[in-house]
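What follows is each chain in one-letter form.
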Amino acid sequence: MQYYEDIEIGASRDFGSRTFTEAEIIAFARQFDPQPFHVDPEAARKTAFGGLIASGWHTAAVVMRLLVDSAIDLEAGLGSPGFDDLAWLKPVRPGDTIRGRMTCIDKTPSRSRPGIGSARFMVEAINQKDELVMRFTSIGIMRFRNPAQT
Amino acid sequence: MKYLEDFIVGQVMDYPPRTVSEEEIIAFARDYDPQPFHLDKEAAKQSLFGGLCASGWHTAGLMMRILVDNMIGQSASMGSPGVDQLRWVKPVFPGDTLHLRGEVVEARVSQSKPDRGVITSRYEMRNQKGETVLTMQAKGMYARRPV
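Keep in mind that this is a model prediction, so the values were computed, not measured.

> Would you explain the interface of chain A and chain B in this entry?
A common way to state how big an interface is: give the accessible area lost once the parts meet. Counting from both sides, the interface comprises 26 residues of chain A and, opposite them, 25 residues of chain B. Counting residues per element, the ones that place at least two in the side of chain A that touches chain B are helix 4 (56–70) and strand 2 (82–88) of chain A. Among the elements that make up the side of chain A that touches chain B, the one with the highest residue count is helix 4 of chain A (8 residues). As judged from the 5 bridges shared by strand 2 of chain A and strand 3 (residues 82–88) of chain B, these two strands associate in the antiparallel manner. Residue pairing across strands places Ala87(A) opposite Gly82(B), the latter belonging to strand 3 of chain B.

What follows is the structure, given as structure tokens:
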């Protein structure tokens, strides 16, 4: 997320990638989502998933990290009020490499606070086989580069 | 064991509270959301939030843990297809105690796989002052009771 003026509606960009290890999947799940298919490879084999998979919240958190590392301008970004329509479409397994892609859907200047605007982005996580594993519509709040123009 | 049939539309559940510490907030942010207002007390004071606050994804993770410990862990859960809407309404600060309430809003059997179904629930998380900090509408897939 750049400054408001820099955001182009319809433009897509890729933002980094990360490989999930079994150890990380289990560590996240022990803390936040200790269901058998996220923490126990043996038990996971007997479930509908057929093996250990990452918590969907872990996938989302990793995508957030990729966004912070390579897409959000820390001077411009002011946080987010939330997201809509998050879908976990395919499991993420140990060894999978996930890359991020974001596409701006629309943007609006704030009516109450000059110099600030918001934009909606479709955020997608794609694995090494080019399968879409997760998607959501994110809302970001950001500063204008030139607040005087608002 | 809680099966699909055991979720009744209108059912409300209050979950045990969870307090979040500054250490936890910073540890999560280091790994997943290293923005200044989640990581650095001094920088956070200058931000719109007015002080160090938890990553929204951390708050969501804490909510998930409360649900797994108190409901999903004792259910025939088959994972989740997704979240319809989530809003971070107010920041979560160190020392805040979070109270989660959930309500079942829809229950339906899968048409393609009749051994399971999807439950839609609405959640609201409040802090110790009674302020809403997070709202979410999400789906969970559950097995039907074996006959």
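> In this structure, what is going on with helix 1 (residues 22–32) of chain B? I would like to understand it.
Since the α-helix turns once every 3.6 residues, residues separated by three or four places project in the same direction. Every buried residue of helix 1 of chain B is listed here: Ile25(B), Phe28(B), Ala29(B) and Tyr32(B). The buried residues of helix 1 of chain B occupy one face: seen down the axis, they fall within an arc of 100 degrees. More than 90 degrees from the buried face of helix 1 of chain B, the exposed residues found are Glu23(B) and Arg30(B). Residues of helix 1 of chain B that are buried make contact with helix 4 of chain A together with helix 2 (36–39) and helix 4 (56–70) of chain B.

> In this structure, what is going on with the environment of Pro147(A)? I would like to understand it.
Residue and element names in this part refer to chain A. Relative to the helices and strands, Pro147 resides in the segment after strand 5 (132–143). Look at Pro147 and you get partly exposed, because 13 C-beta atoms sit within 10 Å. Each C-alpha atom, one on Pro147 and one on Val62, is 32 Å from the other, the two residues being 85 residues apart in sequence. What Pro147 contacts, discounting residues up to four positions off in sequence, is Pro114 and Gly115.

Conventions used here
- Residues numbered from 1 in each chain as written.
- Chains lettered and ligands numbered in written order.
- Predicted model: local features only at pLDDT ≥ 70, side-chain atom pairs only at ≥ 80, totals over all residues.
- Contact = placed C-beta atoms within 7 Å.
- Helix = DSSP H or I, 4+ residues; strand = E, 2+ residues; numbered from the N terminus.
- Pairing = 2+ DSSP bridges.
- Buried ≥ 20, exposed ≤ 12 C-beta atoms within 10 Å, placed from the backbone.
- Arc of directions from axis to C-beta.

Keep in mind these values describe shape, not function.
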